[in-house]
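Listed here are the chains, written in short residue letters.
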Amino acid sequence: MSPAPLTIAIGGDHAGLPLKATLQEALAAAGHAVVDFGTNASASVDYPDFAHQVCAAVEAGKATFGVLVCGTGIGMQIAANRHAGIRATVLHGTTEARLTRAHNDANVACFGARTTGPEVALDALAAFLGTEFEGGRHQRRLDKINLPA
């Protein structure tokens, strides 16, 4: 995980609950402060509710990064990217994790509990949190993504 303690907002739906718990435990064990937005039960829930709460915390500066987990990660990513200050990505491995941080300054990592095993997700999250944004030419490209209000 990241060498310095961070505040991480985490959320997931019922499908993501087991993987969310695994990631949350690893973050806490690494010394990070984890703000849990749920769900913490197996009853069916709507993933956008959790995506919006996590993203609001990141946008407000209450968390440095967000972590979202659902069945595939795709729904969470779509909901998260509706927020102007969020750059969310679905991660399937460490290469994506490093590149999305280095080149895209992603601030929310999304995982699919049905598509990515816990070991791979843990490695990807560690790479995500441990990689700095490179800036430079990548900042110019990010500036072009943000549309004027």
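Here the structure is a predicted model, which is why all the values come from computation and not from measurement.

Cut-offs applied
Residues numbered from 1 in each chain as written. Predicted model: local features only at pLDDT ≥ 70, side-chain atom pairs only at ≥ 80, totals over all residues. Heavy atoms only, no water. Helix = DSSP H or I, 4+ residues; strand = E, 2+ residues; numbered from the N terminus. Expected span 1.5 Å × (residues − 1). Buried < 20%, exposed > 50% of the residue type's maximum accessible area, 1.4 Å probe, protein only. Contact = heavy atoms within 4.5 Å. Phe/Tyr/Trp six-rings, centres within 6.5 Å; stacked < 30°, edge-to-face > 60°. Lys NZ or Arg CZ within 6 Å of the ring centre and 35° of its normal. Pairing = 2+ DSSP bridges. Polar contact = N/O pair within 3.5 Å; in protein donor to acceptor, adjacent residues only side chain to side chain. Disulfide = S-S within 2.5 Å.

1. Here we look at helix α5 (residues 118-130)
Right, on to step 1. The end-to-end C-alpha separation of α5 is 18 Å, in line with the 18 Å expected for 13 residues at 1.5 Å each.
Right, on to step 2. Every buried residue of α5 is accounted for by Ala121, Ala124, Leu125, Ala127, Phe128 and Leu129.
Right, on to step 3. Next to the buried residues of α5 lie β1 (7-12), α1 (17-29), β3 (65-70), β4 (88-90), α4 (94-104) and β5 (108-112).

2. Section: the packing of aromatic side chains
Right, on to step 1. Applying the stated criterion across every chain yields a total of one aromatic pair.
Right, on to step 2. Ring centres 5.5 Å apart and planes at 70° place the aromatic pair Phe65 and Phe128 in the edge-to-face group. Here Phe128 lies in helix α5 and Phe65 lies in strand β3, a separation of 63 residues in the sequence. No difference in accessibility class separates Phe65 from Phe128, as the two residues are buried.
Right, on to step 3. Of note, Arg101 hangs over the ring of Phe128, and the distance from its end group to the ring centre comes to 5.9 Å.

3. Digging into the pairing of β5
Right, on to step 1. Burial analysis of β5 places five of its five residues in the buried class, the great majority of the element.
Right, on to step 2. On β5, burial covers both faces: Val108, Cys110 and Gly112 on one face and Ala109 and Phe111 on the other are all buried.
Right, on to step 3. Note that β3 and β5 share five bridges and pair parallel. Each residue of the ladder has a partner; that of Val67, found in β5, is Ala109.
Right, on to step 4. Two strands pair when backbone bridges link them, and β4 and β5 are joined in this way by three bridges, in the parallel orientation. Looking at β5, one finds that Thr89 is bridged to Ala109.

4. Some details on the side chain of His32
Right, on to step 1. Here His32 is to be found in the loop between α1 and β2 (33-36).
Right, on to step 2. Looking at His32, its side chain comes within polar contact range of the main-chain nitrogen of Leu6, at 2.9 Å.

5. Observations regarding the state of the cysteines
Any covalent bond linking the sulfur atoms of two cysteines counts as a disulfide.
Right, on to step 1. In total, this model carries zero disulfides according to the counting rule given.
Right, on to step 2. You can see Cys70 has no disulfide; the closest cysteine sulfur is in Cys110, sitting 7.4 Å from it.

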